[in-house]
Amino acid sequence: MSEPEEELQGEQRDSTKKKKKKKKEKRSAKKKKKKKEEEEEEVVEEEEEEENCECVVLRGIFKLGKKSHDVLLTRTRLTWIPITPETPTAEVCVLQPGVLLLRDVFAVKVKRRRAAGQLLGGPVLGVALFCCRRKGRRLEEETLHLHNASAEHTQSWYNTLKELLAESSIRPRYLKVFINPSSHKKEAVHIYREHVAPLFKMADVRTDITVTERKGHALSVMKECKLDEYDGVVCVGGDGSVAELCHALVLRAQLDADSPEKPVKPVLPLGIIPAGSTDVVSCSVHGVRDPVTAALHIILGHLQQVDMCSFSSLGQLVRFGFSAMFGFGGRSLARAEKKRWMPSSRRREYALVKTLARLRPEDCQLSFLPAKKSNRNQDQDPESEGEESWTTNQGLYLSISIMSIPCLSPHAPQGLAPNTSLANGSAALIAVGNTSRSEFIKHLKRYSSSSGQFSFSFVETQAVSAVRICPRSLIGWSEEESEEEGESKTSPIIQSEGAAFPWNIDGELVEIANEVLVRVHPQLITLYGEEVDEAESTVSCSCF
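What this report covers is the structure whose coordinates are included nearby. (Residues numbered from 1 in each chain as written. Predicted model: local features only at pLDDT ≥ 70, side-chain atom pairs only at ≥ 80, totals over all residues. Heavy atoms only, no water.)

Re the environment of Gln-365
We apply this condition: Counting from the N terminus, the helices are DSSP H or I runs at least four residues long and the strands are E runs at least two residues long. Each residue is assigned to one of three classes by its accessible area relative to the maximum for its type, calculated with a 1.4 Å probe on protein chains only: buried under 20%, partly exposed between the two thresholds, exposed over 50%. Pairs of residues are marked as contacts when any of their non-hydrogen atoms sit within 4.5 Å. Nitrogen and oxygen atoms within 3.5 Å of one another constitute a polar contact, given that in protein one can donate a hydrogen and the other can accept it, and given that sequence-neighbouring residues count only through two side-chain atoms.
Positionally, Gln-365 belongs in strand β15 (residues 362–370). According to the relative accessible area criterion, Gln-365 is partly exposed, its value standing at 25%. Each C-alpha atom of the pair Gln-365 and Leu-396 lies 8.8 Å from the other, and the pair is 31 residues apart in sequence. Aside from chain neighbours lying at most four places away, what touches Gln-365 is Thr-392, Asn-393, Gln-394, Arg-468, Ile-469, Cys-470 and Arg-472. A polar atom in the side chain of Gln-365 sits 2.7 Å from the side chain of Gln-394.

In structure tokens, the structure reads:
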């Protein structure tokens, strides 16, 4: 090929490249222009939506206390400002308006003047708005009184406010309520009737109540009832009742989805009215053991996604839950269960002291799968990771805990697992190796203080997505050692075939003879409440 021909072909190639480049630039410019137009449209739509929300729906004169106020209602808030007469010098007095967000209002009623014993009728006085205000971690009921004697004016405001409150899709209208009358001091029924039922009635929340008669009653009801009728489920009881209902909700979701192997997220959220002895799940989503706070979270539709764990042995599901303790935690609960005739606080302290007196380590193989960021938002089977991903240790352990929530309580304000949260897709593994009784007690006592419970050489903590615990021998110790017969308190007793090790799973005693696989399922359940950093501490333990 001659040199001029080569130059000509080179020029043609350059020209083609330039044309392609220009086309590419034009396409890119068009895409950018289109994207910019879409973004501008979204901004305009958002601004229009905000304007619509803040557009005044009603305006009127009401008395708050003894002063008249100009009151404005939008779709999101109520504002009021005192009406002040003009001063002789015509100076304008600027006053800050009062503001009440409608998201904090849970009921509205027409106020009337009635004689003693009169149930219906009476002259109109105005409108009362029932709302919640925050006091630390507590939610408290508060009332705003708007006085106006005009029946027509008052009724117009009442109807509009009711319509605006009814627009919320997250607020429940019909709840399935389970009450465990045997929880803690057997106060659950009283707590519900005195503190919760009046608030539900005021907020026009209908309820279908089941008072449980035995362990497993709530589970059997949940398997049969028509859940599509309800907006949520409520548990009035302790951690055992909460664990049973959470387990039941996930099992029912699996049943409805025809997915027996894989956990399925329940459609309905669970509300927890605390009526137990420690109430760690309630404290973890409310920060306090207060039935009014819990009820207001439910009424206002405050929803929190929460991680859960599945506990299985030899391929068979044992249960779903939030926390498990093996070793010291399991053995102390087993002792406490044998003293059910004692008051709960005395029973708990007795079991704690007795188990410390007979403190012995468990010989087991502990394997765990470290949590990865890629696992936080997906429900991945740990078995699919391969055996090489697991870290395995063998040795003597006084206590092993696995917790997918912080497990806050008045006894441990920062939680038994302060390094985890409600929905981070992992669980906290806390492994306490063999050490002296005095050092172990120091570790336990620091849970009730601010920090430092893990700053011991014999304590290891890990963020995990799965844990496997396998006892290395079937050697255990009898819980019924007879002091009268002079038997040694330290001699191991070989367990008979089929004997099981005690586990504390969500405050419930579960006996399992073989290895246990614990697997974290991110955001498997929705609870009424919100993430809190620390629980309100009102209890001091006198065990030590």
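That shown, we press on.
A look at the pairing of strand β18 (residues 459–471)
The cut-off we apply is this: Pairing between two strands requires that DSSP report at least two bridges joining them.
Note: β15 against β18, seven bridges, orientation antiparallel. Note on β18: the bridge partner recorded for Cys-364 is Pro-471. Across six bridges, strand β17 (residues 427–433) lies against β18 in antiparallel orientation. When the sheet's bridge partners are listed, Ala-431 is paired in β18 with Glu-460. Here β18 pairs with strand β23 (residues 516–528) via four bridges, running antiparallel. Across the sheet, the residue bridging to Arg-468 is Leu-517, located in β23.

Details of the environment of Ala-351
Assignment of secondary structure puts Ala-351 in helix α9 (residues 344–357). Considering only alpha carbons, one finds Ala-351 and Ala-334, 17 residues apart in sequence, at a separation of 8.2 Å. If we skip the residues at most four places from it in the chain, Ala-351 touches Ser-332, Arg-335 and Ala-336.

Some thoughts on helix α3 (residues 188–202)
For clarity, the threshold we go by: Under the convention used throughout, the expected extent of a helix is 1.5 Å for every residue step, that is, one less than its residue count. Note that bend, as reported per residue, equals the angle between axes fitted to the 7 residues terminating at that residue and the 7 residues originating from it.
Spanning 15 residues, α3 covers 20 Å between terminal C-alpha atoms, matching the ideal 21 Å at 1.5 Å per step. The largest bend in α3 amounts to roughly 45 degrees and is located at Val-196, with the proline Pro-198 lying one to four residues further along. All buried positions along α3 are accounted for by Ala-188, Ile-191, Tyr-192, Val-196, Leu-199 and Phe-200. Looking one or two residues beyond α3, the residue adopting positive phi is Asp-204, at roughly 60 degrees.

Section: the nonpolar core
Note the following rule: Definition of nonpolar core: a set of buried residues of the types Ala, Val, Leu, Ile, Met, Phe, Trp, Tyr and Cys, connected through side-chain atoms within 4.5 Å.
Among the nonpolar cores identified, the biggest contains 52 residues, and Met-222, Leu-270, Phe-322 and Leu-527 are the most heavily contacted of them. With six residues, the single largest contributor to this core is helix α5 (residues 239–257). Ala-107, Ala-128, Ile-179 and Ile-273 belong to the second largest nonpolar core, which has 28 residues in total.

Points about α9
Since the α-helix turns once every 3.6 residues, residues separated by three or four places project in the same direction. Using the following cut-off: This arc describes the spread of directions from the helix axis toward the C-beta atoms.
In a regular helix each residue adds 1.5 Å, so 14 residues correspond to 20 Å; α9 covers 20 Å between its end C-alpha atoms and thus fits that length. Turning to α9, its buried residues are Ser-344, Arg-347, Ala-351, Leu-352, Thr-355 and Leu-356. Seen from one end, α9 has its buried residues packed into an arc of 160 degrees, which puts them on one side.

As for the pairing of strand β14 (residues 323–327)
Of all the five residues making up β14, five are buried; the element is thus mostly covered by neighbouring parts of the structure. Across five bridges, β14 lies against strand β16 (residues 391–403) in antiparallel orientation. By the bridge assignment for β16, Phe-326 is matched with Ile-400. As paired elements, β14 and strand β21 (residues 501–505) share three bridges and run antiparallel to each other. Looking at β21, one finds that Phe-326 is bridged to Trp-503.

Here's the deal with the packing of aromatic side chains
Using the following cut-off: Paired rings are identified among Phe, Tyr and Trp, the last through its six-membered ring, by centres lying within 6.5 Å, and are further divided according to the angle between planes into stacked (under 30 degrees), edge-to-face (over 60) and tilted (the rest).
A complete count under the given rule lists eight aromatic pairs for this structure. Relative to Trp-157, the ring of Phe-62 lies with its centre 5.0 Å away and its plane at 80 degrees, an arrangement referred to as edge-to-face. Of this pair, Phe-62 sits in strand β1 (residues 58–64) while Trp-157 is found in helix α2 (residues 151–166), placing the two residues 95 residues apart along the sequence. Exposure class is identical for Phe-62 and Trp-157. Each is buried. Note on Tyr-447 and Phe-454: the rings are 6.2 Å apart at their centroids and 80 degrees apart in plane angle, and the pair reads as edge-to-face. Classification of Tyr-447 as buried rests on a relative accessible area of 12%.

Focus on the packing of α3 against helix α7 (residues 291–300)
Put simply, the rule reads: Between the N-to-C directions of two axes lies an angle of 0 to 180 degrees, each axis being a line fitted to C-alpha atoms and, for a helix, fitted only over the stretch in contact. These descriptions rest on fixed angle ranges, namely under 35 degrees for roughly parallel, over 145 for roughly antiparallel, 65 to 115 for roughly perpendicular, and the rest for oblique. Here is the rule for handedness: rotate from the far helix to the near one, and if that takes an anticlockwise turn smaller than a right angle the crossing is left-handed, while a clockwise turn gives right-handed. Throughout, the ten residues Ala, Val, Leu, Ile, Met, Phe, Trp, Tyr, Cys and Pro are labelled nonpolar, Asp, Glu, Lys and Arg are labelled charged, and all others, Gly among them, are labelled polar.
It is at 10 Å that the axes of α3 and α7 come closest, and there the two elements cross at 30 degrees. The angle between α3 and α7 places the two elements in the roughly parallel class. Here α3 and α7 pass one another in a crossing that is right-handed. The segment α3 lies against α7, with Ile-191, His-195, Val-196, Leu-199 and Phe-200 engaging Pro-291, Val-292, Ala-295, Leu-296, Ile-298 and Ile-299. Partitioning the contact of α3 with α7 into residue classes produces ten nonpolar, one polar and no charged.

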